[in-house]
Amino acid sequence: MNTRYGTVLTGAFTALAGLLLWRFAGGVDLPVITPSKAGVVLMVLGAAEALFGAVRAVGGPERRRPR
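Residues numbered from 1 in each chain as written. Predicted model: local features only at pLDDT ≥ 70, side-chain atom pairs only at ≥ 80, totals over all residues. Heavy atoms only, no water.

Student: Could you give an account of the packing of helix 1 (residues 3-24) against helix 2 (residues 35-58), with specific residues and numbers?
Tutor: Where helix 1 meets helix 2, the axes come as close as 7 Å, and the angle between the chain directions of the two elements is 160°. Here helix 1 lies roughly antiparallel to helix 2, going by the angle between them. Considering how the two elements wind past one another, helix 1 and helix 2 form a crossing that is left-handed. Class assignment for the residues of the contact of helix 1 with helix 2 results in 16 nonpolar, 10 polar and three charged. (Axes fitted to C-alpha atoms, helices over the stretch in contact; angles between N-to-C directions. Helix = DSSP H or I, 4+ residues; strand = E, 2+ residues; numbered from the N terminus. Parallel < 35°, antiparallel > 145°, perpendicular 65-115°, else oblique. Left-handed = near helix turned anticlockwise from the far one by under 90°. Nonpolar A, V, L, I, M, F, W, Y, C, P; charged D, E, K, R; others polar.)

Structural data, given as structure tokens:
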């Protein structure tokens, strides 16, 4: 699999995990951070990563750096 599409999939799975945390772990109390707030952060980061991968996938051919 191309790394561009892998980035989109990774971002989507991260956003999905954040959505599940936000939706279903709201009643759990942890001393440092609540799982629902961590879920929101994961949703934002996952969406950003998926968007970054989508922009790379739509863009031109992959550029290689000279050695």
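Student: Describe the environment of Gly11, listing the residues and the values that go with them.
Tutor: If you trace the backbone, Gly11 turns up in helix 1. Apart from residues lying up to four places away in sequence, Gly11 is in contact with Gly46, Ala47, Glu49 and Ala50. (Contact = heavy atoms within 4.5 Å.)

Student: Give a description of the UniProt feature "transmembrane region" (unreviewed entry) in the protein chain that names residues and reports values.
Tutor: Summarizing the sequence annotation, UniProt attributes the feature "transmembrane region" (unreviewed entry) to residues 37-58 in the numbering used throughout. Summarising residues 37-58: 100% helix, 0% strand, and an end-to-end C-alpha distance of 32 Å. (UniProt positions renumbered as here; feature names shortened; annotations may be inferred.)

Student: Would you mind going over helix 2 in detail, with residue names and values included?
Tutor: For helix 2, which comprises 24 residues, the first-to-last C-alpha distance of 34 Å matches the rise-based estimate of 34 Å (1.5 Å per residue) to within 8%. For helix 2, the set of buried residues is Pro35, Ser36, Gly39, Gly46, Ala50, Gly53 and Ala57. Its buried side turned inward, helix 2 meets helix 1. (Expected span 1.5 Å × (residues − 1). Buried < 20%, exposed > 50% of the residue type's maximum accessible area, 1.4 Å probe, protein only.)

Student: Help me get a handle on the environment of Gly59, residues and values and all.
Tutor: With respect to the helices and strands, the residue Gly59 is situated in the segment after helix 2. Residues Gly59 and Arg4, spaced 55 residues apart in sequence, show a C-alpha to C-alpha distance of 9.9 Å.

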